[in-house]
Amino acid sequence: MQKALAMWLLLAASGGAQPEVSPTQVVQKATEQVLQVVQDGQLAASASQEQRRLEVQRIADRLFDFQEMSRRSLALHWRERTPQEQAEFVAVFKQLLGRAYIGRLENYSGEQVVYLSEHVDGEFATVRSKIVTGRGAEIPVDYRLHQVGARWVVYDVAVSGVSFVANYRGQFDKIIRTSSYAALMRDLKGKYAEMTGRAAAP
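Residues numbered from 1 in each chain as written. Predicted model: local features only at pLDDT ≥ 70, side-chain atom pairs only at ≥ 80, totals over all residues. Heavy atoms only, no water.

Trainee: Break down the sheet that holds strand 3 (residues 138–148) for me, with residues and values.
Mentor: Strand pairing in a sheet takes place through backbone hydrogen bonds and is either antiparallel or parallel in direction. Across the sheet, which stays open at both edges, the five strands sit in the order 1-2-3-4-5 with antiparallel pairing between neighbours. Each end of this open sheet is capped by a strand with a single partner; those strands are strand 1 (112–121) and strand 5 (162–163). One ladder, built from nine bridges, connects strand 2 (residues 124–132) with strand 3; its direction is antiparallel. Note on strand 3: the bridge partner recorded for Ser-129 is Val-141. Its contacts with the sheet put helix 2 (residues 23–38) on strand 1, strand 2, strand 3 and strand 4 (151–159), and the angle it makes with strand 1 is roughly 150°. (Pairing = 2+ DSSP bridges. Helix = DSSP H or I, 4+ residues; strand = E, 2+ residues; numbered from the N terminus. Contact = heavy atoms within 4.5 Å. Axes fitted to C-alpha atoms, helices over the stretch in contact; angles between N-to-C directions.)

In structure tokens form, the structure reads like this:
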């Protein structure tokens, strides 16, 4: 399951979608862009790790609506935050997701992606797909998108029926209710510090 969750970002990252481009086309093009970065031998070298990280982050920034993901993950607690706190949360959450994604890219080993269907309802859409592993196992992955201007962007991903946003929402709510919002931010910053080997900011 952990590896399956790690695949959610691998399967999508494309920007600049025009109104006539379907959500499925956005996801498919995204897959190609990310895999090109992952499989680029020159970017695999130690000296190119930062360049690869920046390239993947650039692609992800254009597709994923990190503010909407943050808002939905905090749910009721989002409205309790000041604009400055909201901006800080989005920045920290995005950093954490990006670093976790980069760290897991190495897990990619040629899994096949199959697109099953697309459902569009006004400004919202769902793209159903599945990952087929080398051993033939199938992992359902559903992308939930909404339209922002002329682009389709992803605001949630469900792997094997488990919503990425809902999963984090439960974790965040528990920490805030049993401790505090400040404790949640310390935890997120601490996790990012562990990933990057840096001292966590107060």
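Trainee: An account of the pairing of strand 4 is needed here, citing residue identities and associated values.
Mentor: Within a regular strand, side chains alternate between the sheet's two faces. By the criterion of burial, strand 4 is predominantly enclosed, with eight of the nine residues buried. The pairing of strand 4 with strand 5 spans two bridges and is antiparallel. Note on strand 5: the bridge partner recorded for Val-159 is Val-162. (Buried < 20%, exposed > 50% of the residue type's maximum accessible area, 1.4 Å probe, protein only.)

Trainee: So what about the pairing of strand 2? Which residues, and what values?
Mentor: Sheet topology places strand 1 next to strand 2; nine bridges connect them, and they run antiparallel. Paired with Glu-118 across the strands is Val-127, a residue of strand 2. In this antiparallel pair of consecutive strands, strand 1 and strand 2, the connection spans two residues, and Gly-122 shows a positive phi of 65°.

Trainee: Lay out the packing of aromatic side chains in plain terms, naming residues and giving numbers.
Mentor: In total, this model carries eight aromatic pairs according to the counting rule given. When the centroid spacing of 6.2 Å and the interplanar angle of 35° are considered together, the rings of Phe-64 and Phe-66 count as tilted. A residue is classified by how much of its surface remains accessible, and Phe-64, at 3% relative accessible area, is buried. Phe-66 gets classed as buried once you look at its relative accessible area, which sits at 7%. Here the aromatic residues Phe-89, Phe-93, Phe-164, Tyr-168 and Phe-172 are joined through ring pairs into a cluster of three or more. Across from the ring centre of Tyr-181, 3.9 Å away, lies the NZ or CZ of Arg-81, which sits over that ring. (Phe/Tyr/Trp six-rings, centres within 6.5 Å; stacked < 30°, edge-to-face > 60°. Lys NZ or Arg CZ within 6 Å of the ring centre and 35° of its normal.)

Trainee: Tell me about the environment of Val-127, residues and numbers included.
Mentor: Within the secondary structure, Val-127 is located in strand 2. According to the relative accessible area criterion, Val-127 is buried, its value standing at 0%. As a C-alpha pair, Val-127 and Tyr-115 span twelve residues in sequence and 7.6 Å in three-dimensional space.

Trainee: Can you explain helix 8 (residues 164–178)? Please cite residues and give values.
Mentor: Because the α-helix completes a turn every 3.6 residues, residues three or four places apart line up on one side. Between the first and last C-alpha of helix 8 there are 22 Å, a value that for 15 residues agrees with the 21 Å anticipated at 1.5 Å per step. For helix 8, the full list of buried residues reads Phe-164, Val-165, Tyr-168, Phe-172 and Ile-176. All buried residues of helix 8 lie within an arc of 80° about the axis, which places them on one face of the element. The exposed set on the far side of helix 8, more than 90 degrees from its buried face, consists of Lys-174, Arg-177 and Thr-178. In this structure Ser-163 caps helix 8, since a side-chain oxygen of it lies 3.3 Å from the backbone nitrogen of Val-165. (Expected span 1.5 Å × (residues − 1). Arc of directions from axis to C-beta. Polar contact = N/O pair within 3.5 Å; in protein donor to acceptor, adjacent residues only side chain to side chain.)

Trainee: With reference to specific residues and values, describe the packing of helix 5 (residues 66–74) against helix 8.
Mentor: Orientation of helix 5 relative to helix 8, taken along the N-to-C sense of each, is 50°, at an axis distance of 7 Å. Our classification of the angle between helix 5 and helix 8 gives oblique. Considering the relative orientation of helix 5 and helix 8, their crossing is right-handed. Where helix 5 abuts helix 8, its residues Met-69, Arg-72, Ser-73 and Leu-74 lie against Phe-164, Val-165, Tyr-168, Arg-169, Phe-172 and Ile-176. The residue makeup of the contact of helix 5 with helix 8, split by class, is seven nonpolar, one polar and two charged. (Parallel < 35°, antiparallel > 145°, perpendicular 65-115°, else oblique. Left-handed = near helix turned anticlockwise from the far one by under 90°. Nonpolar A, V, L, I, M, F, W, Y, C, P; charged D, E, K, R; others polar.)

These results come straight from atomic positions and should not be treated as a statement about function.
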